[in-house]
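Remarks on the overall topology
So you can see what is in the structure, the chains are spelled out below.
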Amino acid sequence: MLNAQAEYDLGSYEKALARIEPFQEYTENKAVRVRIDWLIIEINERLGRWDVAKKLLKDKQDSGTPPEKSRAKAHLDLFEVNPD
């Protein structure tokens, strides 16, 4: 997880996504799960994979924790304001 975050911070989004893929089904720790989910969303946003990012955000808005729902709504609102 930390290596994926480091790759993301360095702007190596494809490498970050590759590093995090093995953890996509991780469920042991809720806090880690949340970090994984948001890192995947942010990577897809950075890579311009808007359809994937929007779907993940809508899933978070529907079934996330209250803070995740607010965060997802904020991201989706930005997409609405700036669709390009």
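Scroll up for the structure.
These lines cover the structure that appears in this document, whether it is placed above or below. Fair warning: this is a prediction, and the values are worked out from it, not measured in the lab. Positions within a chain are numbered from 1, following the residues in the order the chain's sequence is written. Owing to the predicted nature of the model, reporting of local features is limited to residues with pLDDT of at least 70; listing and counting of side-chain atom pairs is limited to 80 or more, with chain, interface and lining totals taken over all residues. To get the side-chain values, take all heavy atoms of the structure and skip hydrogens and water.

Another aspect to go through is the nonpolar core. Within the largest apolar cluster, nine residues are counted, these being Ala 4, Tyr 8, Ala 16, Leu 17, Ile 20, Ile 36, Leu 39, Ile 40 and Ile 43. Each helix is a run of DSSP H or I of at least 4 residues and each strand a run of E of at least 2, with the numbering of both proceeding from the N terminus. When contributions to this core are tallied by element, the ones reaching two or more residues are helix H1 (2-9), helix H2 (13-20) and helix H3 (30-46). Examining the composition of this core, we find that four residues originate from one element, H3, more than from any other. Setting aside residues no more than four positions away along its own chain, Ile 40 makes contact with Ile 20, Gln 24 and Leu 56. Only buried residues count toward a nonpolar core, which is a set of Ala, Val, Leu, Ile, Met, Phe, Trp, Tyr and Cys residues joined through side-chain atoms within 4.5 Å. Note on classification: 1.4 Å probe, protein chains only; a residue is buried when its accessible area is under 20% of the maximum for its type, exposed when over 50%, partly exposed between these limits. Among the nonpolar cores identified, the runner-up in size contains seven residues, and Ile 41, Ala 53, Leu 57 and Ala 72 belong to it. Contacts are residue-level and defined by heavy atoms, with any inter-residue pair within 4.5 Å sufficient.

With that settled, consider the environment of Trp 38. Tracing the backbone through its elements, the reader meets Trp 38 in helix H3. Using a relative accessible area of 3% as the deciding quantity, one classes Trp 38 as buried. C-alpha of Trp 38 to C-alpha of Ala 72: the two residues are 34 residues apart in sequence and 9.4 Å apart in space. With near-sequence residues (within four places) excluded, Trp 38 lies in contact with Leu 57, Lys 60, Glu 68, Arg 71, Ala 72 and His 75. A distance of 3.4 Å separates the side chain of Trp 38 from the side chain of Glu 68, its partner in a polar contact. Under this definition, polar contacts are N or O atom pairs within 3.5 Å; protein pairs additionally need one hydrogen-donor-capable and one acceptor-capable atom, and for neighbouring residues in sequence, both atoms have to be side-chain atoms.

All right, on to the packing of aromatic side chains then. Centres within 6.5 Å are what make two rings of Phe, Tyr or Trp a pair, Trp counting through its six-membered ring; a difference in plane orientation under 30 degrees is then read as stacked, over 60 as edge-to-face, and the rest as tilted. Per the counting criterion, the structure on display carries two aromatic pairs. With centroids separated by 5.5 Å and ring planes inclined at 75°, the aromatic side chains of Trp 50 and Phe 79 adopt a geometry described as edge-to-face. Taken together, the positions of Trp 50 in helix H4 (residues 50-63) and Phe 79 in helix H5 (residues 66-81) put the pair 29 residues apart, joining distant regions of the chain. The class for Trp 50 is partly exposed, based on a relative accessible area of 38%. Two conditions define a charge sitting above a ring: the NZ of Lys or the CZ of Arg must be within 6 Å of the ring centre, and it must be within 35 degrees of the ring normal. A cation over an aromatic ring shows up here: Lys 54 above the ring of Phe 79, its NZ or CZ 5.4 Å from the ring centre.

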